[in-house]
Amino acid sequence: MSGSPFRRGGGTGRGFMKRVVITGIGIYSCLGKNLEEVSKSLYEGKSGIVLDQERKAMGYRSGLTGFVEKPVLKGLLDRRSRIMLPEQGEYAYIATLEALRAAGIDQDYLNAHEVGILYGNDSSAKPVIEGIDVLREKKDTMLIGSASVFQTLNSTITMNLSTIFKLRGVNFTISAACASGSHAIGLGYHFIKTGLQDCIVTGGAQEINLYSMGNFDALSAFSVREAEPQKASRPFDRDRDGLIPSGGGATVILESLESATKRGATILGEVVGYGFSSNGEHISNPTVDGPVRSLEMALRDAQLQASDIDYINAHATSTLAGDASEAKAIASVFEDARTPVSSTKSMTGHECWMAGASEIVYSLLMMHKGFMAPNINFENPDDDSARLNIVKNTTEKNINVFLSNSFGFGGTNSTLIVRKWSK
Amino acid sequence: MVQKDEIIAKINHFLAEEFEVEEADITPGGNVKEVLELDSLDYIDLVVVIENNFAFKVKPEDFTNIITFNDFYNYVEARVNSKELA
């Protein structure tokens, strides 16, 4: 199949489709500020989780969070561009800068071609709170300032990055809770596969400020293992007690094989499968059937069998119910294949809207460096995770094909499959 | 009465800070829009910084008569001192 710019439409049943490759990635997360730092953290099984006393003072049940440093954008962006960006927009900008550089795409290229953006984001709490605080105090909307509206909309990332990079192709935000980033890549894949676009900036971003997670903390969904922050995120482990919120930005440049070849770009991988489903059940309780349908759809789309997958990057967030359901779903499709599984959320915490995109970046780094990052803190399985082949320690491995799961509130599920590129 | 020199120094300082220009570039005869490179959105932020520094609200239409920094100083001086008298 390699070499031809087209492939059969897989499960879609629609003739020949364009092949979709990844030509650039960028990351800004609690594991590091660039691909090199993050790659090292993944290999070393390093946790990015801290205890934030400010959260405790504010009344959070859990003060645990991923720690992401504020990027310095002065010198990179003018004032107008900077003040429009909320926190997660800053992360997304840095990740996108790195991804475009990696892809060899410069401003001249963007000016001359119709490059799009499809990015996952599902909140922007801080500017909303700060704007309303000003309004309550001053009783005058104008004193909220000019930037607030552009920071608060859910589409803040796509509206800002499309302006900064002067993008002229498809341009909208995907909001699908914790599957936002994954669906953004999945939709980008379809836009290119069907010939609507040649190149799209995809990804996901997640804010991490004090205001962004209070209502999630209210659900008692977060781990309270505050005495051991770096041991608190323990997906699939018997003694897990909840997730840890985290954030950052992750960008994946998708391109048609024709476009990448024409540019002479380095191809990092090929997106070969996207599956999705909705549970059709409870707003926050997971199901097994929904993820299974998503997994099976992705395999059909990729025209692959379970045994063809070398590594699974699980969604597993370290919650009791979520991990158990995902373990059952993965086991029902992959138990016989004994496919290695790890959740990088054991190190990052749950990067929510960004997670589906960052986990593609993490998995691509593993693919290129030839290792599987560990599911740290996995000490004892429970009945469900015992059915999986969970990677406890960093393991050298030639990953030819990986699969990444993302699930979100409302029962939205997304599965992506990426294959190593070879001519 | 607030002294005009004091007002000018304060204005130059916060404008330079907010709009990221050198204070030396702000001269009485200079064109506010051009020196500060203001677009339509920036005028809203100008209202905000004036309110934050002098505690009065500029009506957007007042900007139509403010062309130079000297116009700006005179306008602020008048507003500040009329507020003090009120």
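Parameters and conventions
Residues numbered from 1 in each chain as written. Chains lettered and ligands numbered in written order. Predicted model: local features only at pLDDT ≥ 70, side-chain atom pairs only at ≥ 80, totals over all residues. Helix = DSSP H or I, 4+ residues; strand = E, 2+ residues; numbered from the N terminus. Rg over C-alpha atoms; globule rule 2.2 N^0.38 Å. Buried ≥ 20, exposed ≤ 12 C-beta atoms within 10 Å, placed from the backbone. Contact = placed C-beta atoms within 7 Å. Expected span 1.5 Å × (residues − 1). Nonpolar A, V, L, I, M, F, W, Y, C, P; charged D, E, K, R; others polar. Axes fitted to C-alpha atoms, helices over the stretch in contact; angles between N-to-C directions. Parallel < 35°, antiparallel > 145°, perpendicular 65-115°, else oblique. Pairing = 2+ DSSP bridges. Core = buried A, V, L, I, M, F, W, Y, C linked by C-beta atoms within 7 Å. pLDDT = per-residue confidence, 0-100.

## Let's talk about the overall build of chain A
Point 1. Within chain A, the regular secondary structure consists of 16 helices and 17 strands.
Point 2. Scaling as 2.2 N^0.38, a compact globule of 423 residues should have a C-alpha radius of gyration of about 22 Å, and chain A matches this with 20 Å.
Point 3. In terms of overall dimensions, chain A has a C-alpha envelope of 65 × 55 × 40 Å along the principal axes.
Point 4. Burial status across chain A gives 59% buried among its 423 residues.
Point 5. For chain A, the share of sequence-separated contacts (at least 6 apart) that also reach a separation of at least 24 residues comes to 80%.

## Here we look at the overall build of chain B
Point 1. Helix and strand counts for chain B come out as four helices and zero strands.
Point 2. Helices (α) and strands (β) of chain B occur, in sequence order from the N terminus, as α-α-α-α.
Point 3. With the principal axes as the frame, chain B shows a C-alpha extent of 35 × 25 × 20 Å.
Point 4. When each of the 86 residues of chain B is scored for burial, the buried share is 16%.
Point 5. Sequence-distant contacts, at least 24 apart, represent 59% of the contacts inside chain B between residues at least 6 apart.

## Side note on helix H9 (residues 180–193) of chain A
Point 1. With 14 residues, H9 of chain A extends 20 Å between its outermost C-alpha atoms, agreeing within 8% with the 20 Å of an ideal straight helix rising 1.5 Å per residue.
Point 2. Phi turns positive, to about 85°, at Gly-195 of chain A, one or two residues after H9 of chain A.

## Topic: the interface of chain B and chain A
Point 1. The partner chain A presents six residues to the ten residues of chain B that form the contact.
Point 2. With six residues, the top contributor of residues to the side of chain B that touches chain A is helix H3 (residues 42–54) of chain B.
Point 3. Partitioned by chemical class, the residues of the side of chain B that touches chain A number five nonpolar, no polar and five charged.

## Regarding the packing of H9 of chain A against helix H16 (residues 352–369) of chain A
All names here are of chain A.
Point 1. Their axes nearest at 4 Å, the elements H9 and H16 cross at an angle of 60°. On the basis of the axis angle, H9 is oblique to H16. Between H9 and H16, the contacting residues are Ser-180, Gly-181, Ser-182, His-183, Ala-184 and Ile-185 on the first element and Trp-353, Met-354, Ala-355, Gly-356, Ala-357, Ser-358 and Ile-360 on the second.
Point 2. Broken down by class, the residue content of the contact of H9 with H16 amounts to seven nonpolar, six polar and no charged.

## Observations concerning helix H6 (residues 125–138) of chain A
Point 1. Helix length check: H6 of chain A (14 residues) gives 20 Å between terminal C-alpha atoms against 20 Å at 1.5 Å per residue, within 8%.
Point 2. Positive backbone phi, at 55°, marks Lys-139 of chain A, one or two positions downstream of H6 of chain A.

## Some points on the sheet that holds strand S14 (residues 389–390) of chain A
All names here are of chain A.
Point 1. On the basis of which strands lie adjacent, the open sheet formed by eleven strands has the order S7-S6-S8-S9-S3-S10-S17-S16-S11-S12-S14 and mixed pairing. Because the sheet does not close on itself, it has two edges, and the strands there are strand S7 (171–174) and S14.
Point 2. As paired elements, strand S3 (residues 20–29) and strand S10 (residues 269–278) share three bridges and run antiparallel to each other. By the bridge assignment for S10, Val-20 is matched with Val-271.
Point 3. Across the sheet, H16 touches S3, strand S6 (116–120), strand S8 (199–206), strand S9 (248–256), S10, strand S11 (311–313), strand S16 (401–408) and strand S17 (412–419), and the angle it forms with S8 is around 115°.

## Section: the pairing of S3 of chain A
All names here are of chain A.
Point 1. Of all the ten residues making up S3, ten are buried; the element is thus mostly covered by neighbouring parts of the structure.
Point 2. Relative to S9, S3 runs antiparallel, the two sharing nine bridges. Bridge pairing links Val-21 to Glu-255 in S9.

## Brief notes about the nonpolar core
Point 1. Judged by nonpolar contacts, the single largest core of 110 residues is most densely connected at Ile-200, Val-252, Ile-253, Leu-254 and Val-361 of chain A.
Point 2. Sort the elements by how many residues they give to this core and H16 of chain A lands first, with twelve residues.
Point 3. When sequence neighbours within four positions are dropped, the list of residues in contact with Ile-200 of chain A reads Val-115, Gly-116, Ile-117, Leu-118, Gly-169, Val-170, Gly-188, Phe-191, Ile-192 and Leu-254 of chain A.
Point 4. One finds Ile-11, Leu-15, Val-32 and Phe-72 of chain B within the second-largest nonpolar core, a separate group that totals nine residues.

## Remarks on the environment of Glu-61 of chain B
Point 1. Looking at the element boundaries, Glu-61 of chain B is found in the loop between H3 and helix H4 (69–85).
Point 2. Linking Glu-61 of chain B and Asn-74 of chain B, residues 13 residues apart in sequence, is a C-alpha distance of 16 Å.

## Here we look at the environment of Phe-371 of chain A
All names here are of chain A.
Point 1. Among the structural elements, Phe-371 can be located in strand S13 (residues 371–372).
Point 2. Spatially, the C-alpha atoms of Phe-371 and Asp-237 are 22 Å apart, while their sequence positions differ by 134 residues.
Point 3. Those residues within four positions of Phe-371 in sequence are excluded, and the remaining contacts are Tyr-43, Met-366, Thr-394, Thr-395, Glu-396 and Lys-397.

## Quick notes on the environment of Asn-285 of chain A
Residue and element names in this part refer to chain A.
Point 1. As for its placement among the helices and strands, Asn-285 is situated in the loop between S10 and helix H13 (289–302).
Point 2. In this structure Asn-285 comes out as exposed when scored by C-beta crowding, with 12 C-beta atoms within 10 Å.
Point 3. Between the C-alpha atoms of Asn-285 and Gly-411, which are 126 residues apart in sequence, the distance is 7.9 Å.

## Examining the packing of helix H1 (residues 35–44) of chain A against H16 of chain A
Packed helix pairs are specified by the crossing angle of their axes together with the interaxial distance, meaning the distance between the axes.
Residues and elements named next belong to chain A.
Point 1. The N-to-C vectors of H1 and H16 enclose an angle of 80°; their axes lie 10 Å apart at closest approach. In terms of axis orientation, H1 runs roughly perpendicular to H16. Packed against H1, whose contacting residues are Leu-35, Val-38, Ser-39, Leu-42 and Tyr-43, the element H16 presents Tyr-362, Leu-365, Met-366 and Lys-369 at the interface.
Point 2. Residues of the contact of H1 with H16, tallied by class, amount to seven nonpolar, one polar and one charged.

## Looking at the confidence of the model for chain B
All names here are of chain B.
Point 1. Predicted confidence across chain B gives a mean pLDDT of 93, with 97% of residues reaching 70 or more.
Point 2. Across chain B, helix H2 (residues 32–35) holds the top mean pLDDT of 97, while H4 sits lowest at 90.
Point 3. Both scores are given for the predicted complex: the pTM is 0.95, the ipTM 0.91.

## What to know about unusual backbone geometry
Point 1. The phi angle at Lys-166 of chain A is positive, at roughly 55°, despite the residue not being glycine.
Point 2. Mapped onto the secondary structure, Lys-166 of chain A falls in the loop between helix H8 (156–164) and S7.
Point 3. The phi dihedral of Glu-20 of chain B falls on the positive side, at around 55°, and the residue is not glycine.
Point 4. Of note, Glu-20 of chain B is situated in the loop between helix H1 (4–19) and H2.
Point 5. Glu-20 of chain B sits in the partly exposed class, given 14 other C-beta atoms within 10 Å.

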